[in-house]
Amino acid sequence: MKLIIAVIKPSKLDEVREALSPLGVSGMTVSEVKGFGRQGGHTEIYRGAEYEIHFVPKIKLEIAVADDVAERVLTTLRESANTGKIGDGKIFVLEVAEAIRIRTGETGADAL
Amino acid sequence: MRVVRHSFGLISALTLAVAGFGGDAFAQGVSKISGADTAWVLTATALVLFMTLPGLALFYGGLVRSRSVLSVLMHCCAICCLMSVLWLVVGYSLAFGDGGAANAWIGGFGKAFLAGVGPETASGTIPEVVFFAFQMTFAIITPGLIVGAYVERITFPAVLLFSGLWLLIVYVPVAHWIWGGGWLASMGAMDFAGGLVVHLTAGVSALVIAKMLGARRGFPREVSPPHNPGMVMIGAAMLWVGWYGFNGGSALGANGSAGMAITVTHISAAVASLTWMTIEWVKYGKPSLVGFVTGTIAGLATITPASGFVGPVGAVVLGLMAGVICYILVGLIKQRLKIDDSLDVFAVHGFGGLTGTIMTAFLASPALGGLGFAKEGMTIGSQLYVQIVGALATAALAFVGSIVIVMIVRAMTPLRVSEEDETEGLDITAHGERGYNL
């Protein structure tokens, strides 16, 4: 099993979800986060004064998938979240030691 | 306000001269309470209170960062109540009571706790207690305006002490000079609803306390932007509506003067909002909401001293000037002089009020579409001189008075919170609450 952590543009969330559903991705966790990467921050202007905004709003996805679909999920995720501009975000992939469905006690890929 | 006092003086003079009655007739002549006038000033009183609670509180609350929003609301609430009590105890008496030999400078203690003022006691064509209440709402909002200078870093005891002393040392004397029959009133100074009494006093004192308190951490580049521009707009809109009572009520009657005051007030606010919006649009490519409503407040403050004296075209002129001048002043104070008058009290209120006061000398002239000068025989030139003297005297008292007050407060309580508390926000550190429990 793999845990895919993706930080993407907020405007891309719906597209990503729609693209991933047919691949058998049966759940994901979404958080509103702030951070910076190559895009850096930006400035906002209030009453003529510039304010430096260091952290840009992003969406963080956490998706646990079985090993056999991981590759296709990653490709689809990358394609659906891509705008070609700086600030599209990053994808991280982690090995998952165990997964447990709390209601039934199922483990492993069955729990996903 | 001065127009009414003027005509009231005329009526009593006529009563005496034409009818030739004695003291009783004089008393009868002046105690003619008008139901219509009373109803309007009662309404206006509620509108002006609404400007502070919750208008100004929300306007300022939205402009600070989320961790200090409650402290700003709390400042406005506490100031409202403290000023009300002080106004009853001695403030009103010193501003509008008879000061005897010293009356040019300050009123007396004769009306402390509203002594001798019953429901039947008249002030012009309204009950004096209504006049008291109307003026009380002005005494509330004026120190409330100064809150914008010291947000996010001042201690709560310092807010209470400063505001209380400021009411008695700065506001009350200036109110007496101009509206209470003091020396500026005798000179014919024109300040319909408080360009000097309210906005210039608050603006100058804001600058002083902001300088003496020091800037917020990270000022000017690293401070947080307004946390809730929507709240800022709601507050500004309430101020706008309440200003109908502020300026329209200052006619102290339900009449054409009140109607004209409200009309020019609205026109000035509209023109100033559009002006500020246009400047930002051209300069930065985007017309912002915070900028727009800042223009609104600038237009309202600028028309305030002129509202009962100028015509609608004068209001357009003042609105344009408000948008341009106050916009420039915001940058000047913060970026050039590096004074963290955090929410631009001086730039918007102080300089707006000053601009309106000076321009009244021109725009009140019937030759320029105005409604005429308060005193017989005045010209644009002589009125301009009086307006400048009034502005200088007001600014001087506010400046020196505020320095003295801050020194007194500093001797009694710490002025500023610790760096740690400032970072954590005043809501939790000073008041034990959070604005947003998410």
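Q: Which residues make up the overall build of chain A, and what values do they have?
A: When helices and strands are tallied, chain A shows two helices and six strands. Going residue by residue from the N terminus, the α and β elements of chain A occur as β-α-β-β-β-β-α-β. Against the compact-globule benchmark of 13 Å for 112 residues, chain A has a radius of gyration of 17 Å, which places it well outside the compact range. Principal-axis analysis of the C-alpha atoms places the extent of chain A at approximately 60 × 30 × 20 Å. Burial analysis of chain A (112 residues in total) assigns 17% to the buried set. Taking the contacts inside chain A whose residues are at least 6 apart along the sequence as the reference set, 70% of them involve residues at least 24 apart.

Q: Just give me the short version of the interface of chain B and chain A, but keep the residues and values in it.
A: Accessible area lost during the coming together of the parts is what is often quoted as the interface size. At the interface, 15 residues of chain B touch eight residues of chain A. Broken down by element, the side of chain B that touches chain A gets its largest block of residues, four residues, from helix α12 (residues 312-336) of chain B. Partitioning the side of chain B that touches chain A into residue classes produces seven nonpolar, four polar and four charged.

Q: Any chance you could break down the environment of Leu 392 of chain B for me, citing the residues and the numbers?
A: All names here are of chain B. In this structure, Leu 392 sits in helix α14 (residues 380-412). In this structure Leu 392 comes out as exposed when scored by C-beta crowding, with 10 C-beta atoms within 10 Å. Distance in space between the C-alpha atoms of Leu 392 and Leu 200 is 9.9 Å, their sequence separation being 192 residues.

Q: Run through the nonpolar core, naming residues and quoting values.
A: Counting residues in each nonpolar core, the largest one holds 147 residues, and the members touching the most others are Tyr 60, Ile 178, Ile 209 and Leu 239 of chain B. Aside from chain neighbours lying at most four places away, what touches Ile 178 of chain B is Leu 184, Ala 185, Ala 189, Asp 191, Leu 196, Val 197 and Gly 390 of chain B. Listed in part, the 13 residues of the second largest apolar core include Ile 4, Val 25, Leu 61 and Val 73 of chain A.

Q: Give me the lowdown on the sheet that holds strand β1 (residues 2-8) of chain A, citing residues and values where you can.
A: All names here are of chain A. The strand order across the open sheet formed by four strands is β2-β5-β1-β6, and the pairing between neighbours is antiparallel. The open sheet has two edge strands with one neighbour each: β2 (29-35) and β6 (89-95). Between one strand axis and the next, the sheet turns through 20 degrees on average, direction left out of account. Direction of pairing for β1 relative to β6: antiparallel, over a ladder of seven bridges. From the neighbouring strand, Ile 4 faces β6, where its bridge partner is Val 93. Each of β1, β5 (56-65) and β6 touches helix α2 (residues 67-80); the most contacted strand, β1, lies at about 5 degrees to it.

Q: Provide a residue-level description of the packing of helix α8 (residues 195-213) of chain B against α14 of chain B, including the pertinent values.
A: Axis angle and axis distance: for two packed helices, these are the angle between their axes and the distance between the axes, and together they describe the pair. Residue and element names in this part refer to chain B. Contact pair α8 / α14: the axes reach a minimum separation of 8 Å and the direction vectors enclose 40 degrees. With respect to α14, the axis of α8 lies oblique. Classified by chirality, the crossing of α14 by α8 is right-handed. Within the contact between the two elements, α8 uses Leu 196, Leu 200, Thr 201, Val 204, Ser 205, Val 208, Ile 209 and Met 212 and α14 uses Gly 390, Ala 391, Thr 394, Ala 395, Ala 398, Phe 399, Ser 402, Ile 403 and Val 406. Class assignment for the residues of the contact of α8 with α14 results in twelve nonpolar, five polar and no charged.

Q: Before we move on, could you go through the pairing of β1 of chain A and cite the residues and values that matter?
A: Sheet topology places β1 of chain A next to β5 of chain A; seven bridges connect them, and they run antiparallel. When the sheet's bridge partners are listed, Lys 2 of chain A is paired in β5 of chain A with Val 65 of chain A.

Q: Kindly report on the confidence of the model for chain B, identifying the contributing residues and their values.
A: Caution applies to low-pLDDT regions: their predicted coordinates should not be interpreted in detail. All names here are of chain B. In this model, chain B carries a mean pLDDT of 93, and residues with pLDDT of at least 70 account for 93%. Across residues 1-30 the pLDDT falls below 50, and counting only partners more than four positions away or on other chains, this stretch makes 30 contacts in the model. Scoring of the predicted complex yields 0.89 for pTM and 0.74 for ipTM.

Q: Just give me the short version of the environment of Val 96 of chain A, but keep the residues and values in it.
A: Residues and elements named next belong to chain A. By the secondary structure assignment, Val 96 is in the segment after β6. Spatially, the C-alpha atom of Val 96 lies 5.3 Å from that of Lys 2, the residues being 94 residues apart in sequence. In this structure Val 96 touches Met 1, Lys 2, Leu 3 and Ala 64, once residues within four positions along its chain are discounted.

Cut-offs used in this document
Residues numbered from 1 in each chain as written. Chains lettered and ligands numbered in written order. Predicted model: local features only at pLDDT ≥ 70, side-chain atom pairs only at ≥ 80, totals over all residues. Helix = DSSP H or I, 4+ residues; strand = E, 2+ residues; numbered from the N terminus. Rg over C-alpha atoms; globule rule 2.2 N^0.38 Å. Buried ≥ 20, exposed ≤ 12 C-beta atoms within 10 Å, placed from the backbone. Contact = placed C-beta atoms within 7 Å. Nonpolar A, V, L, I, M, F, W, Y, C, P; charged D, E, K, R; others polar. Core = buried A, V, L, I, M, F, W, Y, C linked by C-beta atoms within 7 Å. Pairing = 2+ DSSP bridges. Axes fitted to C-alpha atoms, helices over the stretch in contact; angles between N-to-C directions. Parallel < 35°, antiparallel > 145°, perpendicular 65-115°, else oblique. Left-handed = near helix turned anticlockwise from the far one by under 90°. pLDDT = per-residue confidence, 0-100.

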